[in-house]
Amino acid sequence: MRKSSLFRMRPLARGATRALTVLDAAATRLYGWRWNPMHQAGTVAVAMLLVLLATGLYLILFYRLGTPAASVARIAADPWLGSWMRSLHRYASDLFVIAAVLHALRIFAQGRTWGPRAVAWLSGLGLFGAALVCAWTGFVMAWDSFGERLALDGARLLDALPVFSEPLSRIFAGDGPVPSAFFFVNLFVHIALPLVMGAGLWLHVSHVARPTLLPPKPLLWSIIGALTAASVLLPAPLGEPASGFALPHATPTDLFIAWWLPLSETTPTAVVWGTTLAVAVVAVLVPLAMRQPREGAFAPSVVDSRLCTGCNQCPQDCPWSAITMVPRDDDRPTLMARVDPARCVSCGICAGSCAPMGVGPPGRSGRDQLATTRATYEFIDAELTSIVAINCQQAPAGHSAALRARGALLHAVPCVGGVHTSLIEFFVKSGAPGVIVVGCPPRDCAAREGPKWLHERVYSDREAELQPRVDRRRVHLATSAPGNLDELIAEFDAFAVHLATLDLPRRDPDSAIEVECESAVAERAWQ
Amino acid sequence: MARASAAPLPYHDRDSARLRLSWRAVPERIEVCREVSAAELAERGEHMRQRVDCDGRSATYVLRVEADGRILHESVVRGSGLRHDRPLYVLRDFVLAGGEHRVRVTFARRERPEGATPAAPPPPPPPATDADTGVFAGRARREADERVRRARAAVPALLVLDTSLTFTQARVTLVTFDAGRRQLLARQTSPSQ
């Protein structure tokens, strides 16, 4: 992997991966990989935005600019709706921050920040910054001791900039009531920013095909239910009403959003601004630092025009909308796939989607997969008696080792979604008793939709499907996620037991799978 | 999560009190003024015929804060803006132990009037016959009134607050400039209370 000329991000990414692995494993043990909320962090963040919008609309009906503290106190004192609506608003904002940070951490750890994904990364940073400012203004709206504390620190930081003619901090000094105009501007920012965030969210997913915006319904309603229960049972406390003359010993501080407050309060403003700017610049430069050379493993996909039948499948499967169908430049009547290198991230999903094996990153098309594998296993042609485990390179290393220890022959691939089903057929025809394909959890796939497409190609006849001539009993799809090693081993063992009940596999190592694939496609095209 | 969402984070020391100085004031102008001759006025556009031209700068002040005879703070305060010709702002906090303290706050102009005149001179009497007509009628009087208003709006050359104050723990005692009474005063509650 190329080292960045700007600065080295890889050690940071490795650290993020290690941290995520620990958190993922804990969450998988709690929820199972299917419902692991860690893998759904981005969609959970969007769901929380919707919760914030709904609860915010209710709260704004009862908020009074002239008496902010008293109106929020009235809302908090209403035991039927106001109290838990306000708490839900608070807890949803906390969960948004947690989810957004985890989402960004995962994207960073998986190196999904360069190329066309830079737009998503940069807009995500903007969304996160806007959300923090929005949260800041939200706490100030309540105008309790914590809101006042945030307002004072914000004013102190803004006063260091040559922007305002009169120091903002004097508004809160106590020599006059805090003007309503301040609360009006604060409220305006609090309401306007979510509108801006809506546009930002559109930009965030604009380069992604079929963006998933919400978590699965059971998870979504579980989270909302849990937050609502917490809001009813443990309503968020309100501090003492703000007063320019009071010096509270402590404030009820939201550590998810204002963890930095004690640091900021005791640090010179120049250092705070400098640090903030430095962090922002480093975050903005991540796509540049993590960028990959468009060659070797990161070369964009190419289309073999001789093999392309114009079936329109690769554009449907591409997770980045990098493939379009265009008129051919020869006399064949079909369209032809064309890859936009600027949008292609070399995930290789298209290689698995093309029945005649005519598209994919250089060296990773279906034909290349078959050729490489044949060359690799030629010398054991007569001895392929182990279960073959086609495993994703992103899977935890310990899981691969565990499978190897149980006698599996490992065949690592960049992503199982890029595996052409003819590769599975090749192993089965080569005498392997069975093939287990071990992918990442569907919502944790670095190529976004790899396990999903593979499942459909094997079991639901999605184009480039596993041919009917392949004995499905000898094929199994499994998931490897941090924390589910026991489940994976149990699944492997059960598969091995199941294979032992079958007859010996019929070996047909000489079959020309590529030709059979082409024939099948041609036959379908003529029908 | 609920616990971390409202963690009691330490803020102020429980035993201490604060002396806060906060005010906004218009600095005096240190100016040299002259009456514009009739010939000069005639050369100007009708809307620019100001009878007195003044040139100068805003005064600067020394802020000195003492508690029980000990100097807590001393600094020069200038008007805001690049040319320091905008209003000046004071905002300082001092931590003191609770209890009674003798506090002395001095806000004194640094410049001495030498040739230049602080706070603009009394205007020359307007001419008996006002040549201005139409919308400009009475301009001389308005100009004179404006100079008086600006002189009166400026902060006095010397402000002193020298008094004993009882500081309550975990409370702020505010010293501010009352523009109406043109003096410093101490407060321990907000004006609305």
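Above this note sits the structure.
A quick note: this is a predicted structure, and the numbers were derived from the prediction, not measured.

J.: With reference to specific residues and values, describe a nonpolar patch on the surface.
T.: Residues and elements named next belong to chain A. Side chains of Leu 50, Leu 53, Leu 57, Leu 213 and Leu 214 sit close together on the surface and give an oily, nonpolar patch of about 450 Å² of accessible area. Note on placement: Leu 213 falls in the loop between α7 (180-204) and α8 (217-233). The partly exposed category is assigned to Leu 213, whose relative accessible area is 35%.

J.: So what's going on with the interface of chain B and chain A? Residues and values would help.
T.: Interface size is often expressed as the accessible area that is lost when the parts come together. The interface is formed by 33 residues belonging to chain B together with 37 residues belonging to chain A. For the pair chain B and chain A, the two sides together bury roughly 2900 Å², of which 64% comes from carbon and sulfur. Taken as a group, Met 1, Leu 9 and Tyr 11 of chain B account for 25% of the area that chain B buries against chain A, more than any other trio of residues on that side. Viewed at the interface, chain A and chain B are joined by one salt bridge. Summed over the shared surface of chain B and chain A, the result is 19 residue pairs in polar contact (both at pLDDT 80 or more). At the level of elements, α1 (2-5), β1 (7-10), β2 (16-25), β7 (88-97) and β11 (172-178) of chain B are the ones that each hand at least two residues to the side of chain B that touches chain A. Per-element accounting of the side of chain B that touches chain A gives the leading share, seven residues, to β2 of chain B. The residue inventory of the side of chain B that touches chain A, partitioned by class, reads 18 nonpolar, nine polar and six charged. By the bridge criterion, four bridges tie strand β1 (residues 250-253) of chain A to β1 of chain B in an arrangement that is antiparallel. Each bridged residue has a counterpart across the sheet, and for Pro 252 of chain A the counterpart in β1 of chain B is Pro 8 of chain B.

J.: Just give me the short version of the sheet that holds strand β6 (residues 70-77) of chain B, but keep the residues and values in it.
T.: All names here are of chain B. What the four strands build is an open sheet, ordered β6-β5-β8-β10; its pairing is antiparallel. Two strands bound the open sheet, and with one partner strand each, they are β6 and β10 (158-167). On average, each strand axis in the sheet is inclined to that of its neighbour by 10 degrees, with strand direction left out of account. In the sheet, strand β5 (residues 61-67) pairs with strand β8 (residues 99-109) via seven bridges, with the strands oriented antiparallel. In the sheet register, Arg 64 faces β8, and the bridge partner there is Thr 106.

J.: Break down the state of the cysteines for me, with residues and values.
T.: Disulfides are covalent bonds that link the sulfur atoms of two cysteine residues. For the structure on display, the rule yields one disulfide over all chains. In this model Cys 33 of chain B forms its disulfide with Cys 54 of chain B; the gap between the sulfur atoms is 2.1 Å. Every disulfide takes its handedness from the sign of the S-S torsion; for Cys 33 of chain B and Cys 54 of chain B that torsion is 110 degrees, giving right-handed. With Cys 33 of chain B in strand β3 (residues 29-35) and Cys 54 of chain B in strand β4 (residues 52-58), this residue pair connects regions lying 21 residues apart in the sequence. Its relative accessible area of 24% is what places Cys 33 of chain B among the partly exposed residues. Summary of cysteine pairing: Cys 392 of chain A is not part of a disulfide, and the nearest cysteine sulfur, belonging to Cys 440 of chain A, is at 3.6 Å.

J.: Report on the environment of Lys 452 of chain A, specifying residues and quantitative values.
T.: Checked against the element boundaries, Lys 452 of chain A lands in helix α17 (residues 450-459). Spatially, the C-alpha atom of Lys 452 of chain A lies 9.2 Å from that of Pro 441 of chain A, the residues being eleven residues apart in sequence.

Criteria and cut-off values
Residues take numbers from 1 onward in each chain, read along the sequence in its written order. By the order in which they are written, chains take letters starting at A while ligands take numbers starting at 1. Owing to the predicted nature of the model, reporting of local features is limited to residues with pLDDT of at least 70; listing and counting of side-chain atom pairs is limited to 80 or more, with chain, interface and lining totals taken over all residues. Based on all heavy atoms of the structure, the side-chain values leave hydrogens and waters out of the count. Within the patch definition used here, like charges are joined within 9 Å and nonpolar side chains (Val, Leu, Ile, Met, Phe, Trp, Tyr) within 5 Å, considering only residues with over 30% relative accessible area and no salt bridge. Areas reported here follow the Shrake-Rupley algorithm with a probe of radius 1.4 Å; residue values treat only the protein chains shown as occluding. Counted as salt bridges are all cases of a side-chain nitrogen of Lys or Arg within 4 Å of a carboxyl oxygen of Asp or Glu. Runs of E in the DSSP output that reach at least two residues are strands. Runs of H or I that reach at least four are helices, and both are numbered from the N terminus. With a 1.4 Å probe rolled over the protein chains alone, any residue whose accessible area is under 20% of its type maximum counts as buried; one over 50% counts as exposed, and the rest are partly exposed. In what follows, residue pairs with any heavy atoms lying within 4.5 Å of each other are defined as contacts. Using a 1.4 Å probe, buried area is obtained as the accessible area two parts lose upon being combined, added over both of them. Pairs of N or O atoms are called polar contacts if they sit within 3.5 Å, as long as, within protein, a hydrogen donor faces a hydrogen acceptor (for residues adjacent in sequence, only side-chain-to-side-chain pairs). Polarity classes work like this: nonpolar for Ala, Val, Leu, Ile, Met, Phe, Trp, Tyr, Cys and Pro, charged for Asp, Glu, Lys and Arg, and polar for all others, with Gly in that last group. Should DSSP find at least two bridges between two strands, the strands are taken to pair. Fitted lines through C-alpha atoms serve as axes, helices being fitted only where they are in contact, and the angles separating the N-to-C directions of these axes extend from 0 to 180 degrees. Put simply, a disulfide is two cysteine sulfurs that come within 2.5 Å.

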